[in-house]
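Working through the structure, step by step
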Amino acid sequence: MEVPLARFPVLAQRLTRVFPAVLAICAIAGARQPASGQAPAGAAGAEAAVGRVVEIEVPAPSLEGNLLGTATVQGAAVYLPPGYDRQPARRYPAIYLLHGIFDRYPVWIEHFRLPEILDRSIGRGAIPPLVVVMPNGGNRFGGGFYRNSTVAGNWGDFVADDLVGFVDREFRTLARRESRAVAGHSMGGYGAIHLTMTRPEVFSVAWAMSPCCLAAEGDFGFGNDAWRRAYLFESPEEPPAALEAGDFYPVAALGVLAAFHPDPANPPFFVDFPFDLVRGEIVLDDEEYDRYLDALPLRRAAAARDALRSLAGLALDVGLGDQFLHIPTGTLALSRTLGELRIPHLLDVYDGDHRQRVSERLERVVLPWVAERLAVAE
């Protein structure tokens, strides 16, 4: 999960174990002003090298009736490549880029500097001109995890239906699966995996950067005391107060349960904890805990085998120094399961943490790999 750096301290923990058996399969086949960018050497001029970012509002009927008060019109940003306005007959492939928990789409623009990365990459021919769509995916518990929920709203349908449909109508995209990819970081990395498992008719390529929430491992497991603190919340005022105090995890836990284990009949948070507190200690409810685990990708992979095998490309990456310890273990476990199911994919394990190398990896690794697998001709 992603923590806004300005509000929460980086956790000073590092993963100390490597998983050799899993690493053995790490290469399984398989409207804003124009963004400020510099023209590369040899370009005709700055205009030829700089795209622009348009901010849009997207009707979100898929979120109607959600119980968290999330708006049914959602903001998004769309990067339009250099030449988009000068070539009105040309259509472009599209990448949908999903942010992490407690972030909004401006993180891609202001923190990760994505427009500049795209300008440089297109200018030097590392990727073809393409459209990049950056939606919002947040709510008052941090995010909807880009999946359908009776409490948080149908975020999966919002991305795959509302957003994709809106973009294909309003912009000159190649409106077909073969020219459409989904990628994301942290919560967004989970979203990329989930959407290709559940909506493979929409996306043909996926890259999950440091994906959270793949398995109930490490700090995502119920041994984390944050679950107990979330259980003890009684009023709607307590989660915002916890955030103000810098206590991120229990609020994120409510977001996870609202997305993965919702209970519309259980106010004020409308979630179902798959455990009870007995003398202050967590005691799992076996049946409910099993149902919770069934919603996670590690258990869903077998049922989604055909969908995942139909992709033109599937990739996961993880830094072994990720501060959120469930992310390396969960990513490596999912890759091992994908290998056992003979689902072609790439696992890219690198020396890094959760957030600091995202911009670099987008430019050097992720965008070129994804773009190479997209159909770019009409």
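What you see is a predicted model; the values in this text were computed from it and never measured. (Residues numbered from 1 in each chain as written. Predicted model: local features only at pLDDT ≥ 70, side-chain atom pairs only at ≥ 80, totals over all residues. Heavy atoms only, no water.)

**Let's talk about the overall build of the chain**
Each helix and strand counted, the chain has 14 helices and 12 strands in total. With 378 residues in all, the chain has 58% of them scored as buried. Surface exposure of the chain reaches about 14,900 Å², of which carbon and sulfur atoms provide 50%. (Helix = DSSP H or I, 4+ residues; strand = E, 2+ residues; numbered from the N terminus. Buried < 20%, exposed > 50% of the residue type's maximum accessible area, 1.4 Å probe, protein only. Areas by Shrake-Rupley, 256 points an atom, 1.4 Å probe, with all protein chains shown as cover.)

**A closer look at the pairing of strand 8 (residues 205-209)**
Burial of strand 8 is extensive: 5 of the 5 residues sit out of reach of the surface. Direction of pairing for strand 7 (residues 180-185) relative to strand 8: parallel, over a ladder of 5 bridges. Paired with Ala-181 across the strands is Val-205, a residue of strand 8. Between the parallel pair strand 7 and strand 8, the chain is carried across by helix 6 (residues 187-198), and the sense of this crossover is right-handed. Inspection of the sheet shows strand 8 paired to strand 11 (residues 313-319) by 5 bridges, in the parallel sense. Within strand 11, the position partnered with Val-205 by the bridge is Gly-313. (Pairing = 2+ DSSP bridges. Right-handed = clockwise from strand over helix to strand, strands pointing away.)

**Notes on helix 9 (residues 249-260)**
Here helix 9 is 12 residues long and its end C-alpha atoms lie 16 Å apart, about the 16 Å a rise of 1.5 Å per residue gives. Extensive coverage of helix 9 is indicated by the burial of 12 of its 12 residues. Taken as a whole, helix 9 has its buried residues at Tyr-249, Pro-250, Val-251, Ala-252, Ala-253, Leu-254, Gly-255, Val-256, Leu-257, Ala-258, Ala-259 and Phe-260. Buried residues along helix 9 sit in contact with strand 5 (148-149), helix 6, helix 7 (225-231), helix 8 (238-244) and helix 10 (286-294). (Expected span 1.5 Å × (residues − 1). Contact = heavy atoms within 4.5 Å.)

**Concerning the nonpolar core**
Judged by nonpolar contacts, the single largest core of 90 residues is most densely connected at Tyr-96, Phe-145, Leu-163, Phe-260 and Tyr-292. Take this core: its biggest share by element is 10 residues, from helix 9. Once you skip the residues sitting within four places of it in the chain, Leu-163 turns out to touch Val-58, Ala-76, Tyr-96, Val-133, Pro-135 and Phe-158. Ile-122, Leu-130, Ala-181 and Met-209 belong to the second-largest nonpolar core, a separate cluster that totals 32 residues. (Core = buried A, V, L, I, M, F, W, Y, C linked by side-chain atoms within 4.5 Å.)

**Quick look at the environment of Met-134**
Note on placement: Met-134 falls in strand 4 (residues 131-135). For the pair formed by Met-134 and Val-78, sequence separation is 56 residues and the distance between their alpha carbons is 6.2 Å. Beyond its immediate sequence surroundings of up to four residues, Met-134 is in contact with Ala-76, Ala-77, Val-78, Tyr-79, Leu-97, Tyr-105, Trp-108, Ile-109 and Leu-114.

**Considerations on the sheet that holds strand 7**
Strand order in the open sheet made by the 8 strands is 1-2-4-3-7-8-11-12, with mixed pairing throughout. Bordering the open sheet on either side are strand 1 (52-59) and strand 12 (346-350), each of which pairs with just one other strand. With direction set aside, neighbouring strand axes in the sheet form an average angle of 20°. Both strand 1 and strand 2 (residues 73-80) contribute to a ladder of 8 bridges, which runs antiparallel. The residue of strand 2 that forms the bridge with Glu-55 is Ala-77. Sheet strands touched by helix 5 (residues 155-170): strand 1, strand 2, strand 3 (94-98), strand 4 and strand 7. Its angle to strand 1, the strand with the most contacts, is close to 120°. (Axes fitted to C-alpha atoms, helices over the stretch in contact; angles between N-to-C directions.)

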